[in-house]
Amino acid sequence: MTDHAPKAADLPLAERVSLLSGETFWRTRALPARGVPAVVLSDGPHGLRFQAEAGDHLGIAGSTPATCFPTAVTLASTWDDDLVADVGRAVAVEALALDVDVVLGPGINIKRHPLGGRNFEYLSEDPLLTGRLAAAMVEGIQGQGVGACVKHYAVNNQEGHRFVVDAVVEERTLREIYLAGFELAMGRQPWCVMSSYNLVNGEYAGESPHLMRRILRDEWGFEGVVMSDWGAVSDRARGVAVGLDLEMPGSGGLFDAEVLQAVADGRLDEACVTESAQRVLDLAARAPRTGGGATLPAEEHDALARRVAAEGSVLLTNDGTLPLRQDWSVALIGAFAEQPRYQGSGSSLVTPTRITTALEALRGRGTAVTYAAGYDLAVDEARPDLIEEAVRAARETDVAVVMVGLPPRYESESFDRTDLALPAAHDALVRAVAAVNPRTVVALSNGAPVLLPWKDEVAAILESYLGGQASGGGLVDVLSGDVEPGGRLAETFPARQADVAADPWFPGEPHQVDYREGLSVGYRHDGAAPLFPFGHGLGYTTMRWDDFAATQAQVVAGDDLAVEGVVTNTGDRAGSDVVQVYVRDHTGVVRRPPRELAGYAKVRLLPGESARVSIRISARAFAYFDVDADGWRTPSGAYDLEVARSSADVVATLRVRVAGDIDRAGEPADSPALATDDAVFARRLGRPVPRPRPVRPFSRQSTTGEIASTRVGALARAAMMRRLGVDQLEDEHERLMMRAMFDEMPLRAVAVFSRGALSLPTVDLLVAVLNRDVADLGRRLLMLPPAAVRRLRRR
Ligand code: BGC
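All residue numbers refer to position in the chain's written sequence, counted from 1. Two thresholds apply to this predicted model, a pLDDT of at least 70 for residue-level local features and 80 or more for giving and counting side-chain atom pairs, whereas whole-chain, interface and lining totals are computed over all residues. Only heavy atoms go into the side-chain values, all of them from the structure, while hydrogens and water stay out.

Colleague: Which parts of the structure should I look at to understand the environment of Glu121?
Modeller: Only DSSP runs of H or I covering at least 4 residues are called helices, and only runs of E covering at least 2 are called strands; the numbering of each starts at the N terminus. Structurally, Glu121 is set in the loop between β2 (102-104) and α4 (127-142). Since its relative accessible area comes to 1%, Glu121 is described here as buried. Taking C-alpha positions, Glu121 is 30 Å from Ser614, a pair spaced 493 residues apart along the chain. Here a residue-residue contact requires only that any non-hydrogen atoms of the pair lie within 4.5 Å. The contact partners of Glu121, leaving out residues within four places of it in the chain, are Pro45, Ala72, Gly107, Lys151, Ser348 and Glu413. Side-chain polar atoms of Glu121 contact the side chain of Arg118, separated by 2.7 Å. Whether a residue is buried, partly exposed or exposed follows from its accessible area with a 1.4 Å probe, protein chains only, as a fraction of its type maximum: under 20%, in between, or over 50%, in that order. Here a polar contact is taken to be a pair of N or O atoms separated by no more than 3.5 Å, where protein atoms must pair a possible hydrogen donor with a possible acceptor and residues adjacent in sequence count only if both atoms sit in side chains.

Colleague: Explain the pattern of salt bridges to me, please; I cannot follow it from the model alone.
Modeller: Every case where a carboxyl oxygen of Asp or Glu lies within 4 Å of a side-chain nitrogen of Lys or Arg is listed as a salt bridge. Under the defined criterion, the tally for this structure stands at 65 salt bridges. A salt bridge links Asp81 to Arg132; the shortest N-O distance between them is 3.1 Å. Placement of Asp81 in helix α3 (residues 81-97) and of Arg132 in helix α4 is noted, with a sequence separation of 51 residues between them. In this structure, the salt-bridge partner of Glu667 is Arg684, at a minimum N-O distance of 2.9 Å. Residue Glu667 is located in the loop between β25 (649-659) and α16 (678-685), and its partner Arg684 is located in helix α16; the two are separated by 17 residues in the primary sequence. Residue Arg684 is classed as buried on the basis of its relative accessible area of 8%. Residues participating in the shared-partner salt-bridge network are Glu258, Arg700, Asp764, Asp776, Arg779 and Arg780.

Colleague: Would you take a moment to explain the environment of Phe163 for this structure?
Modeller: Relative to the helices and strands, Phe163 resides in the loop between β3 (147-153) and β4 (166-168). The spatial distance from the C-alpha of Phe163 to the C-alpha of Val91 is 28 Å, given a sequence separation of 72 residues. Not counting residues up to four positions away in its chain, the partners in contact with Phe163 are Tyr197, Tyr204, Trp230, Gly231, Met741, Glu744, Met745, Pro746 and Arg748.

See below:
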């Protein structure tokens with residue numbers, strides 16, 4: 001608690017309750033008479049999306065220019081905690097300049113399936129990498145006195161049905177995969193955590209006593225504010241009871257009456273209200289309030305963005321064509337060279353301070369460049385005329401650089417991708433160019449794994465991901481060899497969609513998704529060989545690894561150890577490398593993935609230089625979550641520590657023996673990894689496999705898309721759409737995302753976004769009408785406030 005915050009207990013109950021909901025779209029409630037200011041919140045894990053106030057009801061359109069850094073997927077590919085902290089620091093500096101107190105990021109949900117629409121905004125499929133980078137980001141931001149808000153807690157791994165879907169996941173998987181990253185990040189005490197939209201095992205995440213009280217507060221000791229994702233509140237009183245302190249955005253006091261009633265009825269302990277109000281007051285007391293005015297260091301941050309774009313680029317293949325020779329003429333092909341895809345759509349969309357395109361950057365170096373668009377960004381099918389033009393250019397130059405990837409409409413918050421393919425036009429272009437120029441280099445702009453059917457027909461493939469506003473410059477730095485492509489994949493590129501273990505159950509039913517693949521996420525799945533493995537990435541120099549050994553061969557459960565060795569740059573250019581250590585369990589005590597990341601270190605070396613690296617392996621690396629014992633336990637026996645260049649390229653294997661605390665587990669090691677079978681899934685869940693909640697009868701939880709199946713519902717939906725201005729956005733992608741978001745929005749959330757213009761009693765009335773429930777309708781009509789009755793009459 002902060003010294004100068006007023007004491008919540010001294011405030012009248014109604015005032016305490018009022019603090020538990022935002023004042024506006026981006027601010028918490030101020031109490032000027034008591035000297036309590038509003039806290040200003042702003043989106044943007046990879047840069048600020050600061051809106052002075054919402055330009056529209058859903059807070060999507062327009063924001064103040066800020067540096068658009070590379071998105072989370074690119075940041076994570078650096079495997080560089082320090083660099084990620086630098087980006088956090090820079091975002092916080094901009095927050096101070098724009099008068100923002102809390103940055104709504106980082107987003108750290110696990111990439112369960114490469115089709116997840118928001119994967120570009122998340123870090124990795126691996127919880128250790130996710131957690132370490134998230135912690136670094138939090139430290140970077142908060143070191144400047146600005147708050148971070150780690151989101152979305154928890155199990156928010158898909159966009160489809162995100163407002164209402166129930167993620168059914170067994171406790172072991174929950175702890176080891178989906179919560180472990182949050183747990184690591186909590187070690188830095190972020191000021192805030194954002195609870196997610198979805199349900200987890202039958203309860204809304206922000207209303208789950210298990211997630212919110214037991215794990216987040218009691219086990220991890222989180223002391224800050226938990227705020228709801230925007231429009232995620234379902235039953236406010238239940239949320240307050242478990243410590244969901246702040247409802248966002250401000251709903252105009254929509255739920256206040258329900259909270260007060262719950263206190264009056266004894267359903268909600270008043271102490272919970274006081275506790276949450278105090279946390280909101282404490283947050284306001286620590287908010288920086290610089291008075292703004294500082295100028296945003298745009299040039300310096302653009303340079304940082306450019307450096308990170310290069311460091312996060314992953315060289316997937318290279319026959320030696322890269323780096324390009326300075327005297328080579330280049331055909332730069334692909335509309336992305338002029339209209340870069342450098343970030344994803346949705347709430348993380350930053351208005352950049354400037355944009356550097358690849359075409360500009362390449363011409364700026366004095367390279368002889370012929371440009372050809374190659375495809376029309378607005379259409380998927382190949383345009384023979386554009387391909388012909390590209391082929392002509394590629395024939396006449398020393399090298400062809402083809403920029404392909406996913407156009408913005410493919411990847412966004414609010415909807416998932418439907419398959420892993422690139423647009424047909426992009427595949428056709430690569431093939432046509434590669435057929436005429438053996439030095440064809442492909443540079444990819446996308447936020448998540450794609451299929452590359454022409455992989456073996458091209459000279460090099462560079463995965464540049466979504467590299468932020470300076471991505472064009474970063475790309476040219478890497479192509480030319482000015483900068484080493486320092487990236488390693490933070491996710492698996494599957495060879496086929498069906499190879500993803502979660503595929504049969506993704507995205508599930510509208511109201512339920514079963515996590516039957518359990519621990520088999522990404523490289524943890526013991527399946528077909530991937531297109532490119534987790535951890536993979538090439539450099540321009542050569543590195544030798546020597547003398548790797550564990551600091552102890554005998555380990556006692558609970559003790560950390562280290563793996564140490566020497567890395568030497570044996571090439572003639574500066575470069576970097578990422579030493580990865582995986583743990584492989586040979587104890588046979590319990591079912592485990594073949595290998596799991598246990599530690600990593602990034603090294604940068606000049607030509608001929610050597611460095612000793614030490615990789616800390618935490619005791620947790622050997623432990624698993626024992627559901628029966630309700631805690632972490634360490635099987636006794638032999639383990640390998642695999643020193644590796646990727647999850648599929650082990651360089652040295654170090655055997656250690658661990659004196660653990662368990663020799664035999666309830667579930668044997670040979671039980672199936674995937675709970676395809678209902679009986680297996682039920683046993684792991686400890687309850688029968690639930691059935692999805694039916695669409696009817698309708699309720700406050702019904703989505704606008706669902707009620708549109710009735711005539712009255714369709715009319716109501718149209719009216720709500722007009723009210724929220726869903727189709728009024730100018731930008732096509734924003735419209736697309738808004739429409740998807742709106743159709744999946746439950747009625748209670750529409751009420752929140754309408755700021756009370758649609759009241760909860762009116763929602764309940766509509767529900768009674770939709771259900772043709774005459775008795776309920778009568779009761780609801782009697783309960784309507786007089787103002788609402790007057791409004792209805794006027795209609
Ligand atoms: C997103 C959050 C975001 C919030 C505010 C939500 O739709 O899920 O990540 O911070 O909107 O824009």
